[in-house]
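One letter stands for each residue in the lines below.
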Amino acid sequence: LASVALIVLGTPQIDPLTLFPGNVNVAYQAPVAAAGGDTPFTWVVLSGALPPGLALNGSTSSATYIEGTPTTAGTYTFTLQTTDTLSRVASVALSMVINPQAACVLSGRYTFLFSGFRGGGAATHTGAIAISSTGAITGEQDYKDPHRTTPAETLLSTSNCVNRETNTGVLTLNAPSGQLVYNFAATPPDAAGVIHSARLQLISSGSDSGSGQLELQDPTAITAAPPAGDFAFGLLGVNATGVHYGTAGRFTSSTAGALSAGLVDSNAPSALTDAPLSGTLSAPDANGRGTLTLLAGSQTSTLAYYLVNASKMFLIDVDATTGNGTERMAGQMTAQTGDVAGGGFDASALATPSILSLFGASGTVEPIAVMALGRLSNDNATAGTVDVLLDTSDQDILSSDVVYASQSYAVETNGRGTLSLASTAGARAFSFYLDATSNGYIVEQGSAAGTGGFLEAQFQGPYPSPPPSGIFPPTLPNGFVGGTAYPQAQGPITLDALCSLNYDALSSNFLNGSFAIDPTTGRGLGTVTESGVGTDSASLYIVSPTKFDLLRYGTRAIDGMIEYMIQD
């Protein structure tokens, strides 16, 4: 018995999109794609005019590029039209801003989080920056590697943002402790021209590696009082001896910053299961930075937090201890909204499907990464069961499309839950902390790989490009920016500047892949080829119209990794 996907290509259509701003004398390239239709296509500027220095690239496929080097600042409006081989037509009205040469594509206040490797060991970095219209950067940062911890450090005036091309550039962060340099790739702007996020990749030196994210900061969330309310959090960590671990928990914070009703689970370096948690949360400074102290039994952790908004904060460990035994943790905490009135949780907290991403590493001989992507679905709140689909890259051992049917779970009113996976290979036990329906943080109890990660509620539609059947489409409009999420090994670590997913095909200048996407689950199985990395088997899960997750399976020569592809 075999099944195939049959795609019927009807009249072409072009979804509305917002183009990146350009800069005078800076190379520019932006894709515009049509869904449907039959090749070859003819692309023309139907009305208006492209900015001087830009032109269509002459493509006869369903996608074209606006490319070149702009020469004149200003705002330009125009309409592009494509005609397929059957004379069926689609058009889209577009607007593009060309800024002066010095302006950075990123402008405004942002919070960032990095995790990776520097100076021979794991490193973490977080902070808040303000980028001016000329690319000057001011702000504050916290940084930790095996050799130093530099908390609450003010950036020097020589810090700056410089464009490279289209949506990419370089962030140079100078501070008294030294310099950190990142490549960035910005996600497409919103209708008002505001860029909400970017992916980061460290490029300070040949032996350093790592990646992270940068998100638009809401300055109205910065108040004179500590963040108050119910919060869930998740952290991925590693110590100097190479032990990887995951931590997840929750607490209630008062307006005075005292923590109560706290619980925490961690699988290393000292295992904790449903352990009482206390501590304090300080008020943020003008940059949105504060400290979070957590106490669980004899273990104490001091974390720096940076506000993204009132409901989300980035976290890293800033305990001053360095050298052998020191830990480096990175993650986030988010406000708990619950799934029932009043902000609590019940057995229906897994009512909608959820995408599961798990990060871990084991041993010292490459490949060490132990990664997994999966999906929770078909929740039965009465029976306390849920189906789990899992794809795993365990070092160089692959397991794809493994189904765990009717697995037992339970959820407490505070959002803490447990999940058991049973199979002929043995049993696995997980603890999770939800911040909303089907969304939160998870750790595997007793995991040798220190497995921990995230649950993401999977959007059930409607999608901008309706699929011929089911829920999930093979095409997601507009461009995606991708990069390695929470790297557990020093390579490969990628930054994909601008990708598209069009009829199961993933493509960009340096990345190409082909997937068969199941319209009922949003899962795709296929391969990915990337310059400098090679060709790998991969699984893809659609999370929402603006996000999908990608698992590259490891081989005997290369580590597996999870990439987040985002659009906002």
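Residues numbered from 1 in each chain as written. Predicted model: local features only at pLDDT ≥ 70, side-chain atom pairs only at ≥ 80, totals over all residues. Heavy atoms only, no water.

**Re the nonpolar core**
Logical step 1: In this structure, Ile-66, Leu-106, Ile-129 and Leu-171 are the most contacted members of the largest nonpolar core, which totals 50 residues.
Logical step 2: Ignoring sequence-local partners within four residues, the contact set of Leu-106 consists of Ile-131, Phe-184, Ala-186, Ile-195 and Leu-214.
Logical step 3: In terms of nonpolar packing, the next biggest core, distinct from the first, is built from 29 residues, Phe-314, Tyr-441, Tyr-486 and Leu-551 among them. (Core = buried A, V, L, I, M, F, W, Y, C linked by side-chain atoms within 4.5 Å. Buried < 20%, exposed > 50% of the residue type's maximum accessible area, 1.4 Å probe, protein only. Contact = heavy atoms within 4.5 Å.)

**Some thoughts on the side chain of Ser-539**
Logical step 1: Positionally, Ser-539 belongs in strand β38 (residues 534-544).
Logical step 2: Judged by relative accessible area, Ser-539 falls into the buried class, the value being 0%.
Logical step 3: Of note is the side chain of Ser-539, whose polar atom sits 3.3 Å from the side chain of Asp-391.
Logical step 4: Apart from residues lying up to four places away in sequence, Ser-539 is in contact with Leu-373, Asp-391, Phe-515, Arg-523, Gly-524, Leu-525, Asp-549, Leu-550, Leu-551 and Tyr-553. (Helix = DSSP H or I, 4+ residues; strand = E, 2+ residues; numbered from the N terminus. Polar contact = N/O pair within 3.5 Å; in protein donor to acceptor, adjacent residues only side chain to side chain.)

**Thoughts on the packing of aromatic side chains**
Both the distance between ring centres and the angle between the ring planes are used here to describe each pair of aromatic rings.
Logical step 1: Scanning all chains against the criterion turns up 10 aromatic pairs.
Logical step 2: Taken together through their ring pairs, the aromatic side chains of Phe-359, Tyr-441, Phe-454 and Tyr-486 make up a single cluster.
Logical step 3: The ring of Tyr-564 carries Lys-547 above its face, with NZ or CZ at 3.6 Å from the centroid. (Phe/Tyr/Trp six-rings, centres within 6.5 Å; stacked < 30°, edge-to-face > 60°. Lys NZ or Arg CZ within 6 Å of the ring centre and 35° of its normal.)

**Details of the pattern of salt bridges**
Logical step 1: For the structure shown, the criterion picks out 19 salt bridges.
Logical step 2: Among the ionic pairs, Arg-523 bridges to Asp-391, the shortest N-O distance being 2.9 Å. With Arg-523 in strand β37 (residues 523-530) and Asp-391 in strand β27 (residues 385-394), this residue pair connects regions lying 132 residues apart in the sequence. For the pair shown, Arg-523 and Asp-391 are each scored as buried. (Salt bridge = Lys/Arg side-chain N within 4 Å of Asp/Glu carboxyl O.)

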